[in-house]
Amino acid sequence: MIGAFWNIRGLNKTGRHQCLTDFINNNNLDFVAIMETKKEKFEDSFLSSINCHFKWHVMSAVGTSGGIVFGADERSLEVISCLKRQFSMSMLIKNTRDNFVWRVIVVYGCPYDEGKGDFITELHEVMLNWSGPTIVGGDFNMVCNQSEKSNGMINHHWSDCFNDWINSCGLMDYKNPTRSFTWSNNQEQPIMAAIDKVFCTTDFDQHYPLASIYAGSRTGSDHVPLILNLGETPKRTNNIFRFEKWWLEREDFHQIVVSCWDAPCSFSNPLDKWQYKIRKLRKKVKGWSLNINADIKKKKT
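Residues numbered from 1 in each chain as written. Predicted model: local features only at pLDDT ≥ 70, side-chain atom pairs only at ≥ 80, totals over all residues. Heavy atoms only, no water.

K.L.:
Would you take a moment to explain the pairing of strand β6 (residues 88-95) for this structure?
P.N.:
A regular strand places its side chains so that they alternate between the two faces of the sheet. Counted residue by residue, β6 has 7 buried out of 8 residues, so it is predominantly covered. Bridging between strand β5 (residues 77-84) and β6 involves 7 bridges; their strand directions are antiparallel. Looking at β6, one finds that Leu83 is bridged to Ser90. The loop that links β5 with its antiparallel partner β6 comprises 3 residues. Pairing between β6 and strand β7 (residues 101-108): 7 bridges, direction antiparallel. Within the sheet, the bridge partner assigned to Ile93 lies in β7 and is Trp102. Where β6 hands over to β7, the hairpin turn is made up of 5 residues, of which Asn99 adopts a positive phi near 65°. (Buried < 20%, exposed > 50% of the residue type's maximum accessible area, 1.4 Å probe, protein only. Helix = DSSP H or I, 4+ residues; strand = E, 2+ residues; numbered from the N terminus. Pairing = 2+ DSSP bridges.)

Next up, the structure:
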């Protein structure tokens, strides 16, 4: 089973809908938690078009601030109940395969100091509602220590409060081995921080002892998504992309490059544009190359 937590920074922006659809399909997700949707209303048709197999639960944004969406594949998961609070949304879930019942809490922490006290209080309160296996994930807008922020400048009071919550609830932190930081302010001299996290209780860890986490691509957002593989499904690894020199000798290769680079793109950030186009080109070229190699093998036989 595979799930993900991602601050998408505006699900109402152009291209985000398709980006989320591709993200779910490409990573074979069973559940997905999206933070900071910045969207007050969701039509059923909008949600079902993201993935028709998912049952969706929504906590609307306040104006253009916050907002959480959680989706679970009904073929493998049953959402028993959903509790919405100011900074979090909690779902009680049953696996349809083995009837294991567990809880996922999705959080979007207040980015401002004046709201962090209420956020910490809510974190303590949501852990009191149920004592069973639990995972807590999302954008906490807090770090545990100085090493989790690139410039080392943190508010030690809130870090101490955050660590106190982690320790008092006996939570285990799924460490991300693929990235030191999960957020960047995208400036010329960027500040980066590890504010996106996933925690679990010890009984959840006992049921899924092989669970691990890794970072996906942050296309369209300033946060990287955290992908949680619970260890039942081997982590899918793509074949390494290798550029072949003989491609340059073929005229149709140049045509593919031009068509991919001239194709419309909904992203405005130059880096996002480049990532989108290079991924599209890589995908097209891999398929094109496989077809040519297959034709060559047929001719040889």
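There's more to say after this.
K.L.:
Quick question: what am I supposed to make of the sheet that holds strand β9 (residues 172-173) here?
P.N.:
Whether parallel or antiparallel, the strands of a sheet pair through hydrogen bonds between backbone atoms. Read across the sheet, 6 strands follow the order β5-β6-β7-β8-β12-β9 without closing on themselves; strand pairing throughout is mixed. Taken across any chain shown, the strands that pair with only one partner, and hence form the sheet edges, are β5 and β9. In the sheet, β7 pairs with strand β8 (residues 134-139) via 6 bridges, with the strands oriented parallel. Looking across to β8, one finds that Val106 is bridged to Gly137. Where helix α3 (residues 113-126) meets the sheet, its contacts fall on β6 and β7, and the angle it forms with β7 comes to roughly 175°. (Contact = heavy atoms within 4.5 Å. Axes fitted to C-alpha atoms, helices over the stretch in contact; angles between N-to-C directions.)

K.L.:
Before we go on, may I ask you to explain the layout of surface pockets in this structure?
P.N.:
Any empty space left between atoms is shown by rolling a water-sized probe over those atoms. Taken as a whole, the second largest pocket holds about 850 Å³ of empty space. Gly109, Cys110, Pro111, Tyr112 and Asn141 are, among the 39 residues lining the second largest pocket, the residues nearest its centre. Mapped by element, the contributors of at least two residues to the lining of the second largest pocket are α3 and α4 (156-168). (1 Å grid on protein atoms, 1.4 Å probe; cavity = no way out; pocket = protein on both sides within 12 Å on 5 of 7 lines; lining within 4 Å. Points joined across faces, edges and corners; volume = space filled by probe spheres on them.)

K.L.:
How should the pattern of salt bridges be read in this particular structure?
P.N.:
Under the definition given, this model contains 9 salt bridges. Of the charged contacts, one joins Arg9 and Asp222 as a salt bridge, the two residues approaching to 3.4 Å between their closest N and O atoms. Placement of the pair is Arg9 in the loop between β1 (2-7) and α1 (16-26) and Asp222 in the loop between β13 (212-215) and β14 (226-229), with a sequence separation of 213 residues. Among the ionic pairs, Arg75 bridges to Asp73, the shortest N-O distance being 2.8 Å. The buried category is assigned to Asp73, whose relative accessible area is 5%. Put simply, Arg9, Glu36 and Asp222 are held in one network by salt bridges that share partners. (Salt bridge = Lys/Arg side-chain N within 4 Å of Asp/Glu carboxyl O.)

K.L.:
It is not clear to me how the nonpolar core should be interpreted in this structure. Could you clarify?
P.N.:
If you look at soluble globular proteins, the nonpolar side chains tend to sit buried side by side. Counting 30 residues, the largest nonpolar core has Phe5, Phe70, Trp102, Val104, Val106 and Ile135 as its most contacted members. Going through the elements one at a time, β2 (31-35), β4 (68-73), β5, β6, β7, β12 (196-200) and β14 are the ones with two or more residues in this core. A total of 4 residues in this core trace back to one element, the largest contributor, which is β7. Those residues in contact with Val106 that sit more than four places away from it in its chain are Phe5, Ala33, Met35, Ile68, Phe70, Phe87, Ser88, Met89, Met91 and Gly137. Core analysis: the next-biggest nonpolar cluster, separate from the first, contains 21 residues, Leu20, Ile24, Ile50 and Val69 among them. (Core = buried A, V, L, I, M, F, W, Y, C linked by side-chain atoms within 4.5 Å.)

K.L.:
Even after reading the chapter, I still don't get the sheet that holds β13, so can you show me in this structure?
P.N.:
Spatial strand order, β3-β4-β2-β1-β14-β13: 6 strands in an open sheet with mixed pairing. Looking along the sheet, the strands with just one partner apiece sit at the ends: β3 (54-59) and β13. Taken over all neighbouring pairs, the strand axes of this sheet differ in orientation by 15° on average, direction set aside. The pairing of β1 with β14 spans 4 bridges and is antiparallel. Counterpart to Phe5 in the pairing with β14 is Leu226. This element, α1, spans β1, β2, β3 and β14 of the sheet and lies at about 150° to β2.

K.L.:
So what exactly am I meant to see when it comes to the packing of α3 against α4 here?
P.N.:
Relative orientation and spacing of two packed helices are given, respectively, by the angle between their axes and the distance between those axes. Axis separation between α3 and α4 bottoms out at 10 Å; the angle between their running directions is 5°. In this view, α3 runs roughly parallel relative to α4, as classed from their interaxial angle. Residues Asp113, Lys116, Gly117, Ile120, Leu123 and His124 of α3 form the contact with α4, whose own contacting residues are Trp158, Cys161, Phe162, Asp164, Trp165 and Ser168. Residue composition of the contact of α3 with α4, by class: 6 nonpolar, 3 polar and 3 charged. (Parallel < 35°, antiparallel > 145°, perpendicular 65-115°, else oblique. Nonpolar A, V, L, I, M, F, W, Y, C, P; charged D, E, K, R; others polar.)

K.L.:
How should I be thinking about the pairing of β14 in this particular structure?
P.N.:
A two-sided burial pattern is seen for β14, the buried positions comprising Leu226 and Leu228 on one face and Ile227 and Asn229 on the other. Judged from the 4 bridges that link them, β13 and β14 form a sheet pairing that is antiparallel. From the neighbouring strand, Tyr214 faces β14, where its bridge partner is Ile227.

K.L.:
Whenever I open this one, a nonpolar patch on the surface confuses me. Can you help?
P.N.:
A cluster of nonpolar residues, Trp261, Leu271, Trp274 and Ile278, forms a patch on the protein surface that exposes about 380 Å² of accessible area. Among the elements that take part in the nonpolar patch, helix α7 (residues 270-300) stands out by supplying 3 residues, more than any other. The exposure class assigned to Trp261 is partly exposed, which follows from its relative accessible area of 34%. (Patch = residues over 30% accessible without salt bridge, like charges linked within 9 Å, V, L, I, M, F, W, Y side chains within 5 Å. Areas by Shrake-Rupley, 256 points an atom, 1.4 Å probe, with all protein chains shown as cover.)

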